[in-house]
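Coordinate inspection notes
These are the residues of each chain, in order.
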Amino acid sequence: MSKSLLITNARMVNEGRVTEGDLLAVDGRIAKIGSAISAPDATVIDAAGRVLMPGMIDDQVHFREPGLTHKADIATESRAALAGGITSFMEMPNTRPQTVTLAALEDKFTLARGRAWGNYAFYLGATNDNIDEIRRLAPNQTCGIKVFMGASTGNMLVDDPATLERIFRDAPTLLATHCEDTPTIRANEERYRAQYGEEIPVRFHPLIRSEEACWKSSSMAVDLARRHATRLHVLHLTTARELALFDSGPISGKRITTEACVHHLYFSESDYEQRGNLIKCNPAIKRAEDRAALRVALAEDRLDVIATDHAPHTLEEKQDPSYFKAPAGLPLVQHALAMALELVHDGVLSLPQLVQKVSHGPAQVFNVCERGFLREGYWADLVLVDMNRLQRITHDQLLYKCGWSPLEGDVLRSSISATVVNGELKYRDGNFLGAAAGMRLAFDRG
Ligand code: DOR
């Protein structure tokens, strides 16, 4: 017997438009979008005028499995993501072992089967000596190849110039880069260490992981990509200065695309005083002027995607008084879409623009098959959002394995009412339904 889900009275936000109506999903896919749809056998959800949009596709998460599962794992974090409206995720290679061989990559897909609540893909990581693995990757095998062009958590720096040339020249699929120039950072660290020792106050983090460090590395990535016609996606931009490196306009016309993360759009330098290491991340949260420029760049389509860089660490690790030992990264997936929706409440983006950044954009950047849009025939990955239900972030409702959030005490102006993955209602008003049944993401790069 076929399984049907009918969502009625929705304000559907999709491809630049907001329309009132119903959506019917049958056997996992969107069967019909229209008005007054009749489906006698379907489970019915009355959206009562709430926003219905394609689920968020998060192109940058760290779920820590295998090897770092004291911080997080695929099951716990994808479940938290589901409660936040994220229906697909792309996960990073700085696990243990690192995902730097095709065998390790396929092992991760095996780990996710039956445990990931959302649909999934994993990046192959680049190193200074795995060019042969990179060349063997099939173009549609996974989301892309991650290159740490700046050292961050997990010791995966690729800094050999000849290797970078080879990677940019020979990558069989999209390259996603973390751009921060490590020599610049090391020199800054030494200056602050000379003054403060090991306990450098975290407010100096954006001056250590500086604008200059970001600029140097991002401009190098863009230069390499232009010379080799590489398909490049630059992750988590944080400074106004770097934005000049990128074109505005639709994704379809670009070989080089960009991403901004929710925490860089939400926090600024002034938040270090209150939140300390909890908002220490790489690249660093910078000045309010940078945040303002990132927001403008989203509206002018210079920034193409909003993601999370969800990067959980234990609270104990984060509270290490040594600047050098306290790890960078914050857990975000549970509230990321609501954080991004703050941009709509603030008038920075319209709802259709927001949906472009969190759903359509990542689907287009990565050529994800049949997801990221409300289209008949596509997989029914959906989020129902209440734009008017405030949520206060409290400790007791957190779903992360690490058990803390940098947002505790904050109020966000929207809430996730329900999440549907592959046509199945998996989350509704705080409750999870059924079992994890995410699918491996498919890609179509011709
Ligand atoms: O803040 C960060 N944390 N930035 C990264 O690049 C890595 C991440 C992590 O894995 O903890």
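Residues numbered from 1 in each chain as written. Predicted model: local features only at pLDDT ≥ 70, side-chain atom pairs only at ≥ 80, totals over all residues. Heavy atoms only, no water.

**Digging into empty space enclosed by the protein**
- Going through the model one piece at a time under the given rule, you end up with two cavities of 30 Å³ or more.
- Taken as a whole, the largest cavity holds about 120 Å³ of empty space.
- Considering the residues around the largest cavity, the lining is formed by 16 residues, among which H62, S152, T153, N282 and D309 are closest to the centre.
- Classifying every residue of the lining of the largest cavity gives four nonpolar, nine polar and three charged. (1 Å grid on protein atoms, 1.4 Å probe; cavity = no way out; pocket = protein on both sides within 12 Å on 5 of 7 lines; lining within 4 Å. Points joined across faces, edges and corners; volume = space filled by probe spheres on them. Nonpolar A, V, L, I, M, F, W, Y, C, P; charged D, E, K, R; others polar.)

**Re helix α4 (residues 161–170)**
- Along α4, the residues classified as buried are T163, L164, I167 and F168. One side of α4 carries all its buried residues, which in axial view fall inside an arc of 130°.
- Buried residues in α4 make contact with α3 (131–136), β10 (145–148), β11 (175–178), α7 (211–228) and β12 (232–234). (Buried < 20%, exposed > 50% of the residue type's maximum accessible area, 1.4 Å probe, protein only. Helix = DSSP H or I, 4+ residues; strand = E, 2+ residues; numbered from the N terminus. Arc of directions from axis to C-beta. Contact = heavy atoms within 4.5 Å.)

**Notes on the side chain of K146**
- Counting through the fold element by element, K146 comes out in strand β10.
- Despite its burial, K146 remains without a salt bridge, the nearest opposite charge being carried by D309 at 6.1 Å.
- Once residues lying within four places of it in the same chain are set aside, the contact partners of K146 are Q60, M92, P93, Y123, L124, G125, A126, A176, H178 and L235. (Lys, Arg positive; Asp, Glu negative; His and termini not counted. Salt bridge = Lys/Arg side-chain N within 4 Å of Asp/Glu carboxyl O.)

**Thoughts on the pattern of salt bridges**
- Considering all chains together, one arrives at 33 salt bridges under this definition.
- Its salt-bridge partner being D73, residue R115 comes within 3.9 Å of it at the nearest N-O pair. In this pair, R115 sits in the loop between α2 (102–112) and β8 (119–122) while D73 sits in the loop between β6 (56–61) and α1 (74–83), placing the two residues 42 residues apart along the sequence.
- Among the residues examined, D73 registers a relative accessible area of 10% and is labelled buried.
- Residue D223 is joined to R227 by a salt bridge in which the shortest nitrogen-to-oxygen separation is 3.3 Å.

**Some details on the site of the ligand**
- If you check the shell around the ligand, you find 14 residues, and the closest are R64, N94, S152, N282 and H313.
- Residue N94 places a side-chain N or O atom 2.8 Å away from an oxygen atom belonging to the ligand.
- Between H178 and the ligand, the recorded distance is 3.1 Å, taken from a side-chain N or O atom to an oxygen atom.
- Compared with its free state, where it exposes 290 Å², the ligand has 100% of that area covered by protein. (Near = heavy atom within 4 Å. Polar contact = N/O pair within 3.5 Å; in protein donor to acceptor, adjacent residues only side chain to side chain. Areas by Shrake-Rupley, 256 points an atom, 1.4 Å probe, with all protein chains shown as cover.)

From the geometry alone we can't say anything about function, so treat these as descriptive.
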